[in-house]
Amino acid sequence: MEAPKNLFVTRPTLPPLGEYLPLIEKIWASRILTNSGPYHAQFIDGLSHYLGVEHISLVTNATVGLMLAAKALHLTGEVITTPFSFVATGHALLWAGLKPVFVDINPNTLNIDANRIEAAITPRTSGIMALHCYGRPCYVEAIEDIAKRHSLRVIYDAAHAFGIRHKGQSVLSFGDHSVLSFHATKVFNTLEGGAIVSRSAEAKLHIDRLINYGIVDEQTVESTGFNAKMSELTAALGTVQLKHIDGYIEQRQQIDFRYRKLLGNIPGLHFVHPPEAAPSNYYALPILIGAGHHRSRDELYFRLRENNVFARRYFYPLISDFPMYAEPHGQAPEMPNARSVASRVLCLPMYPDLTEDEQERIANVIRS
Ligand code: T4K
């Protein structure tokens, strides 16, 4: 018998090739391939309009974007962050020469617990790097308030937060910088890519220079910038993707809705987010497997794999539990909420092309 089709946690969404090919031909003919060409400018305009924020800089990926944001703000010493994230969040701080100080998460939102941030502030703290986990906004008001009172800078890892709004405005408009990921696995993708959102034109100019080696003009270099420039081919793909993004998100919403119907009322299985939660981009479908379920999270994870369903334990292990993050001669910090969630969370396949039959197949394995 033929093995059932592999179902991955995500599949990239791509526009019809026919919409992209004419742009590739134009780029080929123009020989303008990178370094802020016309498609780069057009993509920034499109993003700015769609996301409702000014001051966008394009980068090669979000990891580099986070590093550059930390560098642009001249952060030093310690930066408070979440342990419940993809390892890129912590790595960006290490690359910027900073010490990540991990603070536990709120067990409901899975974002950094703003109520615990102040206790972690020391004379060496210069900033906060918080994540909008799975696209759900952090408690931005509390974070901004703490930052203001302690003169800290704030970077939001907005890798999951494409198009997310908070109280009527883009969630990207909070903090000193927000950093989006356009990786192939994200709601909105340019294969690889990302963007840094700045608060002011001046801050954006500084970021733009950091993306381009710190060059100001032919004779002036102001800082040890990086090469993090997005190519014209990538930017052109972004412009085409933007035309389809609303459709992709609607399809994701239907898939989210169907999962809730298929998996509701299974003892010990909880959806991380209630269905009526604030508008989402449906980046992921995280569930928590608790004591009432007949299998542990890991048993379920492996059972799904045996059935060619490649769900993922995002984010397990915690960043703070990777040995390279351990305090020298110290113990891994206590993070009961984050540790508990990391041991129970499972992200199910979620992408626009997932069919009803495939969702039923996944639900049957979970129920069996
Ligand atoms: N901050 C946060 C909170 C993040 O989640 C991320 C990235 C970043 C920062 C950094 O953003 P970037 O620097 O990447 O822009 C994946 C992604 O590589 C990573 O971007 C993402 N978060 C993370 C959550 O997931 P892996 O190592 O789990 O990916 P991988 O290769 O195992 O792919 C997952 C599944 O997706 C595969 O089983 C199959 C499917 N897939 C993947 C790719 C790349 C495809 O079907 N086609 C593809 O081209 O990290």
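This one's a predicted model, so the numbers in the text were calculated from it and none came from an experiment. (Residues numbered from 1 in each chain as written. Predicted model: local features only at pLDDT ≥ 70, side-chain atom pairs only at ≥ 80, totals over all residues. Heavy atoms only, no water.)

**With respect to the site of the ligand**
Around the ligand sit 25 residues, and of these Arg11, Thr63, Asp157, Ser181 and Tyr314 come closest. Burial of the ligand by the surrounding chains reaches 76%, relative to a free accessible area of 920 Å². Counting atoms within 2 Å of the grid points, the majority share of the ligand lands in the largest pocket. Grouping the constituent residues of the shell around the ligand by class yields 11 nonpolar, 10 polar and 4 charged. Of the domains in this structure, domain 1 (17-103 + 111-242) and domain 2 (245-367) are the two that each give at least three residues to the shell around the ligand. (Near = heavy atom within 4 Å. Areas by Shrake-Rupley, 256 points an atom, 1.4 Å probe, with all protein chains shown as cover. 1 Å grid on protein atoms, 1.4 Å probe; cavity = no way out; pocket = protein on both sides within 12 Å on 5 of 7 lines; lining within 4 Å. Sits in = over half its atoms within 2 Å of the grid points. Nonpolar A, V, L, I, M, F, W, Y, C, P; charged D, E, K, R; others polar. Domains from an automatic or database assignment.)

**Here's the deal with the domain arrangement of the chain**
Taken as a whole, the chain is organised into domain 1 (17-103 + 111-242) and domain 2 (245-367). Distance from the C-alpha centre of domain 1 to the C-alpha centre of domain 2: 25 Å. Every contact between the two is made by 29 residues of domain 1 and, on the other side, 31 residues of domain 2. With both chains or domains summed, domain 1 and domain 2 bury close to 2700 Å², and 65% of this area falls on carbon and sulfur atoms. Summed over the three residues of domain 1 that lose the most area to domain 2, namely Tyr134, Arg136 and Val187, the buried surface amounts to 31% of that side. Run the count over domain 1 and domain 2 and you get 0 salt bridges. Applying the counting criterion to the domain 1 and domain 2 interface returns 10 residue pairs in polar contact (both at pLDDT 80 or more). Residue assignment for the side of domain 1 that touches domain 2 shows that the elements contributing at least two residues are helix H4 (87-95), strand E4 (99-102) and helix H7 (232-263). (Contact = heavy atoms within 4.5 Å. Buried area = accessible area lost by both parts, 1.4 Å probe. Salt bridge = Lys/Arg side-chain N within 4 Å of Asp/Glu carboxyl O. Polar contact = N/O pair within 3.5 Å; in protein donor to acceptor, adjacent residues only side chain to side chain. Helix = DSSP H or I, 4+ residues; strand = E, 2+ residues; numbered from the N terminus.)

**Regarding the sheet that holds strand E13 (residues 269-271)**
With antiparallel pairing, the 3 strands of this open sheet are ordered in space as E13-E14-E16. The open sheet terminates on both sides in strands that have one partner only, identified here as E13 and strand E16 (345-348). In this sheet, adjacent strand axes meet at a mean angle of 35° when their direction is disregarded. Bridge count for strand E14 (residues 285-289) against E16 is 4 bridges, and the pairing is antiparallel. Note on E16: the bridge partner recorded for Pro286 is Cys347. (Pairing = 2+ DSSP bridges. Axes fitted to C-alpha atoms, helices over the stretch in contact; angles between N-to-C directions.)

**Points about the packing of aromatic side chains**
Counted by the stated rule, this structure contains 13 aromatic pairs. Arranged with centres 4.9 Å apart and planes meeting at 75°, the rings of Tyr301 and Phe302 form a pair that is edge-to-face. Ring plane angle 45° and centroid distance 5.6 Å describe the contact between Tyr314 and Phe315, whose orientation is recorded as tilted. In this structure Phe315 comes out as buried when scored by relative accessible area, which is 6%. (Phe/Tyr/Trp six-rings, centres within 6.5 Å; stacked < 30°, edge-to-face > 60°. Buried < 20%, exposed > 50% of the residue type's maximum accessible area, 1.4 Å probe, protein only.)

**Topic: empty space enclosed by the protein**
Regions of empty space are outlined by a rolling probe, equal in size to a water molecule, passed over the atoms. A full pass over the atoms with the stated rule returns 2 cavities of 30 Å³ or more. Taken as a whole, the largest cavity spans an internal volume of roughly 50 Å³. Lining the largest cavity we find Tyr134, Arg136, Asp256, Arg260, His273, Ser280, Tyr282, Tyr283, Ala284, Leu285 and Pro286. Among the elements of the structure, H7 and E14 are those that each provide at least two residues to the lining of the largest cavity. (Points joined across faces, edges and corners; volume = space filled by probe spheres on them.)

**Let's talk about the packing of helix H1 (residues 17-30) against H7**
For the pair H1 and H7, the least separation of the axes is 10 Å and the interaxial angle reads 155°. On the basis of their axis angle, the class for H1 and H7 is roughly antiparallel. Pair H1 / H7 crosses with right-handed handedness. Contact residues: Glu19, Tyr20, Leu23, Ile24, Ile27 and Trp28 in H1; Glu232, Leu233, Thr234, Ala236, Leu237, Val240, Lys243 and His244 in H7. Its residues placed into classes, the contact of H1 with H7 shows 9 nonpolar, 2 polar and 3 charged. (Parallel < 35°, antiparallel > 145°, perpendicular 65-115°, else oblique. Left-handed = near helix turned anticlockwise from the far one by under 90°.)

**Some words on the sheet that holds strand E6 (residues 153-157)**
Spatially, E2-E10-E9-E6-E5-E3-E4 is the arrangement adopted by the 7 strands of the open sheet, whose pairing is mixed. For this open sheet the edge positions go to strand E2 (56-59) and E4, each flanked by a neighbour on one side alone. Sheet twist, expressed as the mean angle between neighbouring strand axes with direction ignored, is 25°. Of the pairings in the sheet, the one linking strand E3 (residues 78-81) to strand E5 (residues 125-131) comprises 4 bridges and is parallel in character. What sits directly across from Glu78, in E5, is Thr125. Helix-sheet contacts for helix H3 (residues 62-72) involve E2, E5, E6, strand E9 (177-181) and strand E10 (194-198), and the interaxial angle to E9 is about 170°. Running at roughly 150° to E6, helix H5 (residues 140-149) makes contact with E5 and E6 of the sheet.

**Comments concerning the nonpolar core**
In this structure, Phe84, Phe182, Leu304 and Leu348 are the most contacted members of the largest nonpolar core, which totals 80 residues. Here the element with the most residues in this core is H7; it accounts for 11 residues. For this core, the two domains that each supply at least three residues are domain 1 (17-103 + 111-242) and domain 2 (245-367). Counting residues in hydrophobic clusters, the runner-up holds 23 residues, among them Val59, Ala62, Val79 and Leu93. (Core = buried A, V, L, I, M, F, W, Y, C linked by side-chain atoms within 4.5 Å.)

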